[in-house]
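A structural walkthrough
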Amino acid sequence: MSVYLNLIWSYLKIGLFGFGGGYAMLSLIEREVVGPGWVSEKMFTDIVAISQMTPGPIGINSATYIGYAVPAEAGFEGWWWGVLGSLLCTLVVVLPSFLLVAYASHFITRHRESAVIKGVFAGLRPVVIGLIASAALLLMNEENFGTTTSDIIKSTCMCAGAFVLVYFARLHPILVIVIAGVAGYILY
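Overview of the structure. Going along each chain's sequence as written, the residues are numbered from 1 onward. Given that this is a predicted model, residues contribute local features only at a pLDDT of at least 70 and side-chain atom pairs are listed and counted only at 80 or more, while totals for whole chains, interfaces and linings are drawn from all residues. Hydrogens and waters are ignored; side-chain quantities use all the structure's heavy atoms.

Right, let's get into the side chain of Ser 10. Tracing the chain through its elements places Ser 10 in helix 1 (residues 2-17). Setting aside anything within four residues of it in sequence, one finds Ser 10 in contact with Glu 32 and Trp 38. Helical segments are the DSSP runs of H or I of at least four residues, strand segments are the runs of E of at least two, and each set is numbered from the N terminus. Contacts are residue-level and defined by heavy atoms, with any inter-residue pair within 4.5 Å sufficient.

Here a Phe, Tyr or Trp ring, Trp counted by its six-membered ring, pairs with any other such ring whose centre lies within 6.5 Å, and the pair is stacked when the planes are under 30 degrees apart, edge-to-face when over 60, and tilted otherwise. Per the counting criterion, the structure on display carries eight aromatic pairs. Where Tyr 4 meets Trp 81, the ring centres are 6.1 Å apart and the plane angle is 35 degrees; that geometry is what we call tilted. Taken together, the residues span a long stretch of sequence, with Tyr 4 in helix 1 and Trp 81 in helix 5 (residues 79-110) at a distance of 77 residues. Each residue's exposure class comes from its accessible area (1.4 Å probe, protein chains only) as a fraction of the maximum for that residue type: buried when under 20%, exposed when over 50%, partly exposed otherwise. Residue Tyr 4 is classed as buried on the basis of its relative accessible area, which comes to 4%. An angle of 75 degrees between the planes, with centres 6.1 Å apart, marks the rings of Trp 79 and Trp 80 as edge-to-face. Judged by relative accessible area, which is 46%, Trp 80 ranks as partly exposed. The structure contains a cluster of three or more aromatic residues connected by ring pairs, namely Tyr 4, Phe 76 and Trp 81. Remark: a charge is flagged as sitting over a ring if the NZ atom of Lys or the CZ atom of Arg is within 6 Å of the ring centre and within 35 degrees of the ring normal. Between the NZ or CZ atom of Arg 170 and the centre of the ring of Tyr 167, over which it lies, the distance is 5.6 Å.

The subject of this paragraph is helix 3 (residues 41-53). Residue count minus one, scaled by 1.5 Å, sets the expected span of a helix. Between its terminal C-alpha atoms helix 3 stretches 19 Å, which fits the 18 Å expected from 13 residues at 1.5 Å a residue. When we look at burial in helix 3, the residues that qualify are Phe 44, Thr 45, Ile 47, Val 48 and Ser 51. The buried residues of helix 3 occupy one face: seen down the axis, they fall within an arc of 160 degrees. What the arc describes is the spread of directions from the helix axis to the C-beta atoms.

Moving on to the packing of helix 8 (residues 149-168) against helix 9 (residues 173-187). Axis geometry follows a simple rule: fit a line to the C-alpha atoms, using only the stretch in contact for helices, then measure angles between N-to-C directions, giving values from 0 to 180 degrees. Axis separation between helix 8 and helix 9 bottoms out at 10 Å; the angle between their running directions is 160 degrees. When the axes of helix 8 and helix 9 are compared, the pair comes out roughly antiparallel. As for how helix 8 packs across helix 9, the hand of that crossing is right-handed. Residues Lys 154, Met 158, Ala 162, Leu 165 and Val 166 of helix 8 touch helix 9, and the partners they reach there are Pro 173, Val 176, Ala 180, Ala 183, Gly 184 and Leu 187. Roughly parallel means an angle under 35 degrees; roughly antiparallel, over 145; roughly perpendicular, 65 to 115; everything else is oblique. A crossing counts as left-handed when the near helix is turned anticlockwise from the far one by less than a right angle, and as right-handed when that turn is clockwise.

Our next topic: the pattern of salt bridges. We define a salt bridge as a contact between a side-chain nitrogen of Lys or Arg and a carboxyl oxygen of Asp or Glu at a distance within 4 Å. Across all of its chains, the model carries four salt bridges by this definition. Across the pair Lys 154 and Asp 151 runs a salt bridge whose closest N-O atoms are separated by 3.8 Å. Taken as a pair, Lys 154 and Asp 151 lie in helix 8 at a separation of three residues, close to a single helical turn. With a relative accessible area of 21%, Lys 154 lands in the partly exposed category.

The nonpolar side chains of a soluble globular protein tend to be buried with one another. Grouped together as the largest cluster of nonpolar side chains are 25 residues, with contacts concentrated most on Tyr 11, Leu 26, Ile 29, Val 33, Val 39, Phe 44 and Ile 66. Elements supplying a minimum of two residues to this core: helix 1, helix 2 (26-34), helix 3, helix 4 (58-73) and helix 5. With sequence-adjacent residues up to four places away left out, Ile 66 is seen in contact with Leu 7, Tyr 11, Val 33, Trp 38, Val 39, Ile 47 and Pro 71. Only buried Ala, Val, Leu, Ile, Met, Phe, Trp, Tyr and Cys residues count toward a nonpolar core, and they belong to the same one when joined by side-chain atoms within 4.5 Å.

This paragraph deals with the environment of Pro 71. Mapped onto the fold, Pro 71 is located in helix 4. Exposure remark for Pro 71: the relative accessible area of 0% places this residue in the buried category. Every residue in contact with Pro 71, bar those within four places of it in the chain, is listed here: Tyr 4, Leu 7, Ile 66, Phe 76, Trp 81, Gly 82 and Gly 85.

This is how it looks when you write it as structure tokens:
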């Protein structure tokens, strides 16, 4: 049962301190799930990819998956242990945000013009951008870019191409994902 307490504690921290959305919280999620050895770096990268392709926030999707996978790795036999882990992790990662948003929306509405509130948000914006940049760098590893020079060049070109297509050409991200899937199939 300690595996469930550890999962709850980890996802409670992620839920409480994961500011800025899924990408900004990737480094925190990675530290909490790869650090204790629940999943490998490669599996974490796969979870991120799957979480991006499925509907819903990346933090919730990863919580559901990790909650399902970790009990089986800890020796709990039976699918119901995984479902229990998924439910617990998903609930725990969502609950702090739900409670904070419920309170904050009431508070911010009442104090919208306050210099303190404006200052807090002005301070949070650059931090969120830094956390997203950290997540991008975190994902620039050999699991994503390969180990051979050829793989690194192909992956770097695909990464740069995706950036150009979304940022400059203004292509829809879903179309870029489809293009990347086809390119990956052809190149690899």
